[in-house]
Amino acid sequence: MSLMLDEARSAPEIIRSQLRRNAPMMADLGEQLRQSPPVSAVTVARGSSDHAASYFAYLCMKQRGLPVASLPPSLTTLAKTPWRASGHLALAVSQSGQSPDLVATQQALATGGARTLALLNTLGTPLGAASGTEILLHAGEEKSVAATKSYLATLSAMAQLLGHWNEDRSLLTALEGLPERLEKALEQDWGPAVEALQAADRLMVIGRGAGLAVAQEAALKFKETCAIQAEAFSGAEVRHGPMALIGPDYPVLIFAPPGPEQAGLLTLAEWLESVGAKVLLAADASVAKRQLTLVDAGHDDLQPLSVIQSFYVMVAALAAARGSDPDRPRHLNKVTCTL
């Protein structure tokens, strides 16, 4: 078993512990944000953490009507932008908390008046020191270069934060049952995807809404662990140009969990099949034509976690089938330092 697969399989228990340990702090932080609400928010992250940040951004905009943007760190490190960020929330996301560009950006936003918050998997980091509030992921050391458990723990922490901020009892209740549902997601058989993609050199991954965040993460994992050129698109955006790439047997992985986005994604899957694409449709039991099974996460806003939990198991198997080592992708290091 690869470290990647072992770590992915540990995620449900990690999240169970994390939600319990962070509940008092999240409740207090939610109260603070209600008492002094930000006028908008920015996220500061790279790689998988930036994909997680897009999940937070979508849910925050959906639930609170609060504009959220992903901030390019180069605006600070290269352009030396003088931030005017009073009244804004700056959420930095990083497993290691070490990357100089994230640290510099968070420091500059704090100097510009932003309220700074960091989601981290390690205590005593430069990014934590640059932030007014730290939230630990409690995912434990992640040894595989390909992040899995830390990504899932980041999404669950974001959902818990928003649940307390919004006093959303339905979301918080669904979070209590999430670890058990993720355990079921681990056991789904995505063997058809391994078989279909073993010889692939390119593919599309499609999601929508909050699910675009896990489509982006899946595309990255295909690159990292399997050396497959994968691109992620929204189910709405893919019709604006990327469709021109589709030819006979072009592989397309579609994440279509329960929720308001599902109907449009199912229609898209039918059209792609009609033009000859090799469609791998991941959906719940209500969809008879699915090729890959999804476990209902119990709440629309948590469906991306169930999706990516099942995906991680599949992509680890795919890497092994292609003769790749997902724990040591070529040219990559666990901590990336950029400016």
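Quantities reported herein were computed from a predicted structural model and do not represent experimental measurements. In this convention, every chain numbers its residues from 1, walking through the sequence in written order. Selection of residues for local features in this predicted model requires a pLDDT of at least 70, selection of side-chain atom pairs for listing and counting requires 80 or more, and totals for whole chains, interfaces and linings are taken over all residues. Excluding hydrogens and water, the side-chain figures rest on all heavy atoms present in the structure.

A. Examining the overall build of the chain more closely. Secondary structure counts use DSSP, requiring at least four H or I residues in a row for a helix and at least two E residues in a row for a strand, with both numbered from the N terminus. Per the secondary structure count, the chain includes 12 helices and 10 strands. Against the compact-globule benchmark of 20 Å for 339 residues, the chain has a radius of gyration of 19 Å, which places it among compact chains. Dimensions of the chain, computed from the C-alpha atoms along their principal axes, are close to 55 × 45 × 40 Å. Burial here depends on accessible area, computed with a 1.4 Å probe over protein chains only, as a share of the maximum for the residue type. Under 20% is buried, over 50% is exposed, and the range in between is partly exposed. Taking all 339 residues of the chain together, the buried fraction comes to 56%. By sequence separation, contacts in the chain at least 24 residues apart represent 78% of the contacts at least 6 residues apart. Using the Shrake-Rupley algorithm and a 1.4 Å probe, accessible areas are obtained, with residue cover drawn only from the displayed protein chains. Total accessible area on the chain stands at roughly 13800 Å², and carbon and sulfur atoms take up 51% of it. Note on charges: Lys and Arg go in the positive column, Asp and Glu in the negative column, and His and the chain ends are not counted at all. All charge positions are set by atom: Lys at NZ, Arg at CZ, Asp at CG, Glu at CD. Averaging the positions of the 28 positive and the 33 negative side-chain charges in the chain gives two centres separated by 3 Å. C-alpha atoms define the radius of gyration, and 2.2 Å times the number of residues to the power 0.38 defines the globule rule. Whether two residues are in contact is decided by their heavy atoms: any pair within 4.5 Å suffices.

B. Spotlight on the nonpolar core. Of all hydrophobic cores here, the largest spans 83 residues; its most connected members are Tyr 55, Val 205, Phe 222, Leu 253, Phe 255, Leu 302 and Phe 311. By residue number, the principal contributor to this core is helix α12 (residues 303–321), which donates 11 residues. Counting 18 residues, the second largest nonpolar core, distinct from the first, contains Val 238, Ile 246, Ala 269 and Val 287. Residues enter a nonpolar core if they are buried and are Ala, Val, Leu, Ile, Met, Phe, Trp, Tyr or Cys, with the set joined through side-chain atoms within 4.5 Å.

C. Expanded view of the environment of Leu 172. Mapped onto the elements, Leu 172 comes out in helix α8 (residues 169–186). Residue Leu 172 is classed as buried on the basis of its relative accessible area, which comes to 10%. Put simply, Leu 172 and Val 44 are 128 residues apart on the chain and 25 Å apart in space, counted from C-alpha to C-alpha. Contacts of Leu 172, omitting those with residues within four sequence positions, involve Gln 160, Gly 163 and His 164.

D. Local environment of the packing of aromatic side chains. Geometry of aromatic contacts follows a simple scheme: Phe, Tyr and Trp rings, the Trp one being its six-membered ring, pair when their centres are within 6.5 Å, and the pair is stacked under 30 degrees between planes, edge-to-face over 60, tilted otherwise. Throughout the structure, instances matching the rule amount to 5 aromatic pairs. Between Trp 190 and Phe 255, the ring centres sit 6.4 Å apart and the planes meet at 35 degrees, which makes this aromatic pair tilted. You can see Trp 190 sitting in the loop between α8 and α9 (191–197) and its partner Phe 255 sitting in strand β8 (residues 251–256), a full 65 residues away along the chain. Like Trp 190, the residue Phe 255 is buried in the burial classification.

E. Examining the pattern of salt bridges more closely. For this analysis, a salt bridge means a side-chain nitrogen from Lys or Arg found within 4 Å of a carboxyl oxygen belonging to Asp or Glu. Under the defined criterion, the tally for this structure stands at 10 salt bridges. One salt bridge in this structure joins Glu 31 and Arg 34, with 2.5 Å as the shortest N-O distance. Separated by 3 residues within a single helix, Glu 31 and Arg 34 lie in helix α2 (residues 11–35), roughly one turn from each other. Classification of Glu 31 by relative accessible area gives partly exposed; the value is 33%. As a salt-bridge pair, Arg 202 and Asp 201 come within 3.2 Å of each other at their nearest N and O atoms. Taken together, the shared-partner salt bridges in this structure form one network comprising Glu 13, Arg 16 and Glu 183.

F. Spatial organisation of the sheet that holds strand β10 (residues 292–293). With respect to topology, 5 strands assemble into an open sheet ordered β7-β6-β8-β9-β10, the strand pairing being parallel. The outermost strands of the open sheet, each flanked by one partner alone, are β7 (229–234) and β10. Contacting β6 (202–207), β8 and β9 (278–283), helix α11 (residues 262–274) crosses the sheet at an angle of about 160 degrees to β8. For two strands to count as paired, DSSP must find a minimum of two bridges between them. Every axis corresponds to a line fitted to the C-alpha atoms, with the helix fit spanning only the stretch in contact, and the corresponding angles, defined between N-to-C directions, vary from 0 to 180 degrees.

G. Looking closely at the sheet that holds strand β3 (residues 88–94). Strand order in the open sheet made by the 5 strands is β2-β1-β3-β4-β5, with parallel pairing throughout. Edge strands, defined here as strands with exactly one partner in the open sheet, are β2 (68–70) and β5 (133–136). Averaged over all adjacent pairs, the angle separating strand axes in this sheet is 20 degrees, with direction ignored. Strand contacts of α2: β4 (115–120) and β5, with the helix running at about 145 degrees to β5, the strand carrying the most contacts.

H. Inspection of the environment of Ser 286 at higher detail. Tracing the chain through its elements places Ser 286 in the loop between β9 and β10. For Ser 286 and Ala 23, which are 263 residues apart along the polypeptide, the C-alpha to C-alpha distance reads 33 Å.

I. Molecular detail of the pairing of β8. Among the 6 residues that make up β8, 6 are buried, leaving the element largely enclosed by the rest of the structure. Burial of the side chains of β8 extends over both faces: Pro 251, Leu 253 and Phe 255 are buried on one face and Val 252, Ile 254 and Ala 256 on the other. As defined by bridge partners, β6 adjoins β8 across 3 bridges and the pair is classed as parallel. Across the sheet, the residue bridging to Ile 206 is Ile 254, located in β8. Looking at chain direction, β8 and β9 are connected through 6 bridges and run parallel. Residue pairing in the sheet places Leu 253 in a bridge with Leu 280 of β9. Convention used here: a crossover is right-handed provided that the path from the first strand, over the helix, to the second strand proceeds clockwise when the strands point away from the viewer. Regarding the hand of the β-α-β motif, the stretch spanning β8, α11 and β9 is right-handed.

J. Examining the packing of helix α7 (residues 149–165) against α8 more closely. Interaxial distance between α7 and α8 falls to 8 Å at its minimum, and their mutual angle equals 150 degrees. When the axes of α7 and α8 are compared, the crossing they make is left-handed. Only Leu 171, Leu 172 and Leu 175 of α8 make contact with α7, whose side of the interface consists of Ser 156, Ala 159, Gln 160, Gly 163 and His 164. Residue classes in the contact of α7 with α8 are distributed as 4 nonpolar, 4 polar and no charged. It is the rotation of the near helix from the far one that decides the hand of a crossing: anticlockwise by less than a right angle makes it left-handed, clockwise makes it right-handed. The nonpolar class holds Ala, Val, Leu, Ile, Met, Phe, Trp, Tyr, Cys and Pro. Asp, Glu, Lys and Arg form the charged class, and all remaining residues, Gly among them, are polar.

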